[in-house]
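Structural description and commentary
In case you want the letters, here they are:
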Amino acid sequence: MTNVFENILGLIGNTPMVKLNQVTKDIPATVYAKLECFNPGHSTKDRIAIHIIEAAEKKGLLTPGATIVETTSGNTGYSIAMVSIIKGYKCILAVSDKTKPEKIAYLKALGATVYVCPASVPADNPRSYYEVAKRVAAQTPNSIYINQYFNELNVDAHYTSTGPEIWEQTQGKITHIFACCGTGGTLSGSAKFLKEQNPDIKVIGVDADGSILKSYHETGEIHKEDIHSYQIEGLGKNLIPGALHFELIDEFVRVNDENAAYTTREIAIKEGILGGYTTGAVVQAFKQYSAEHTFSKDDVVVLIFPDHGSRYITKVYNDAWMESQGFNRNCVHNYEEVFKTEYIK
Ligand code: PMP
């Protein structure tokens, strides 16, 4: 039987790539999007959840009824909860009280226990979500703390899956890879594999305006003055993640909330791909990069699209939210025409 699986986890990985035909048509390269929303948990994080949990099982760290702990309100939490169900583990997630109720509902729908912790306290306060997760993991026998920002198995998950898939899907023709960096695991692991095959492949990291990753890459120093709050979730950081291998990255491109938001919507309208906010960020970064670098028709560019737009329906795909951010540009795709709603009474 083909395309039939023992359980949902059999669907993780082997995500498809599709050519972008409109949003990047002025750039003379072949551009592919790797659609990580085709994972069963709808994001790239399924790969690290199964990889890290199975590595712990192999080491004998987890036995039936074990508990998996992580600090996340986003895609990683969803993936860990999904893997935990199939493997019979308990999943405890510590999230900040800034997390939207619908996100908490997603996690609980998959059986996770969710601790909501105050966002306003410093990271070393016993009530912070970092400290709560650490404490729960330390006090719970037969448990592991995923710790994705500082776990080399996060990188390894992509080194053993995403990287080889891209190499095979492009038949070794890839010349550039672009990916958003949060933990840095997706890009570091993929780049490590790809550069081993061809050291000339250009690796471009995408960072957020408000994060320190780009300036740290360029100077080796943390520029605290770069830090400010921003809306794109999952991209950029105010600390240096251990899972981000800066030496594998040729260049970082920084994108802002507004450009990434419009580009996210442009991709939906022009390519029919309802991506998450960082999908817009990676395409926006490619556009900015191509304004400063020359591409040829033989170049093969892969952009990682990390997750699905259904998680952003109340945010970037919501006109009122766009307006609340001051994003009321009548943009290239006739914003008012395309996004208007008519109520028939
Ligand atoms: N996009 C989204 C929506 C994410 O949740 C993440 C993970 N933080 C990323 C991009 C970046 O992936 P990574 O952590 O592997 O760098």
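When helices and strands are tallied, the protein shows twelve helices and ten strands. Here the protein has a C-alpha radius of gyration of 20 Å; the compact-globule value for 345 residues is 20 Å, and the two agree. Here the C-alpha coordinates of the protein stretch approximately 55 × 55 × 55 Å along the principal axes. Burial statistics for the protein: of 345 residues in total, 53% are counted as buried. Within the protein, contacts between residues at least 6 apart in sequence are counted, and of these 71% link residues at least 24 apart. As presented, the protein carries roughly 15800 Å² of accessible surface, and 50% of it is formed by carbon and sulfur atoms. Side-chain charges in the protein split into 33 positive and 40 negative, and the spacing between the mean points of these groups amounts to 4 Å.

Let's shift gears to the site of the ligand. The local shell around the ligand holds 15 residues, among which K45, G182, T183, G184 and T186 are the closest. K45 places a polar side-chain atom, nitrogen or oxygen, 2.8 Å from an oxygen atom of the ligand. Protein chains shield 94% of the accessible area of the ligand, which is 390 Å² for the free molecule. Looking at the shell around the ligand residue by residue, the classes come out as four nonpolar, eight polar and three charged.

Here we take up the packing of aromatic side chains. Following the criterion strictly, the structure yields twelve aromatic pairs and no others. Taken together, F178, F286, Y289 and F295 form an aromatic cluster joined through their ring pairs. One residue, K237, lies across the ring of Y149, its end atom 4.4 Å from the ring centre. If you follow R311 out to its NZ or CZ, it ends over the ring of Y106, 5.5 Å from the centre.

Before going further, it helps to examine helix α5 (residues 152-160). Buried within α5 we find N154, V155, A157 and H158. For α5, the arc enclosing every buried residue in end-on projection is 150 degrees, short of the 170-degree limit, so these residues lie on one face. Contacts from the buried residues of α5 go to α1 (45-58), α6 (162-169) and α7 (185-197). Its side-chain oxygen 2.9 Å from the backbone nitrogen of L153, N151 forms the N-cap of α5.

For helix α2 (residues 75-87), with 13 residues, the first-to-last C-alpha span of 19 Å sits near the 18 Å given by 1.5 Å per residue. Among all positions of α2, only N75, T76, G77, Y78, S79, I80, A81, M82, V83 and S84 are buried. Looking one or two places after α2, you find G88, whose phi comes out positive at around 75 degrees.

Another aspect to go through is the nonpolar core. Counting residues in each nonpolar core, the largest one holds 40 residues, and the members touching the most others are L20, Y277, L303 and F305. Elements with a contribution of two residues or more to this core: β2 (30-35), β7 (176-180), β8 (202-208), β9 (251-255), α9 (257-271), α10 (277-292), β10 (300-305) and α11 (319-324). Core analysis: the next-biggest nonpolar cluster, separate from the first, contains 28 residues, I52, I80, V95 and A157 among them.

Analysis parameters
- Residues numbered from 1 in each chain as written.
- Predicted model: local features only at pLDDT ≥ 70, side-chain atom pairs only at ≥ 80, totals over all residues.
- Heavy atoms only, no water.
- Helix = DSSP H or I, 4+ residues; strand = E, 2+ residues; numbered from the N terminus.
- Rg over C-alpha atoms; globule rule 2.2 N^0.38 Å.
- Buried < 20%, exposed > 50% of the residue type's maximum accessible area, 1.4 Å probe, protein only.
- Contact = heavy atoms within 4.5 Å.
- Areas by Shrake-Rupley, 256 points an atom, 1.4 Å probe, with all protein chains shown as cover.
- Lys, Arg positive; Asp, Glu negative; His and termini not counted.
- Charge placed at Lys NZ, Arg CZ, Asp CG, Glu CD.
- Near = heavy atom within 4 Å.
- Polar contact = N/O pair within 3.5 Å; in protein donor to acceptor, adjacent residues only side chain to side chain.
- Nonpolar A, V, L, I, M, F, W, Y, C, P; charged D, E, K, R; others polar.
- Phe/Tyr/Trp six-rings, centres within 6.5 Å; stacked < 30°, edge-to-face > 60°.
- Lys NZ or Arg CZ within 6 Å of the ring centre and 35° of its normal.
- Arc of directions from axis to C-beta.
- Expected span 1.5 Å × (residues − 1).
- Core = buried A, V, L, I, M, F, W, Y, C linked by side-chain atoms within 4.5 Å.

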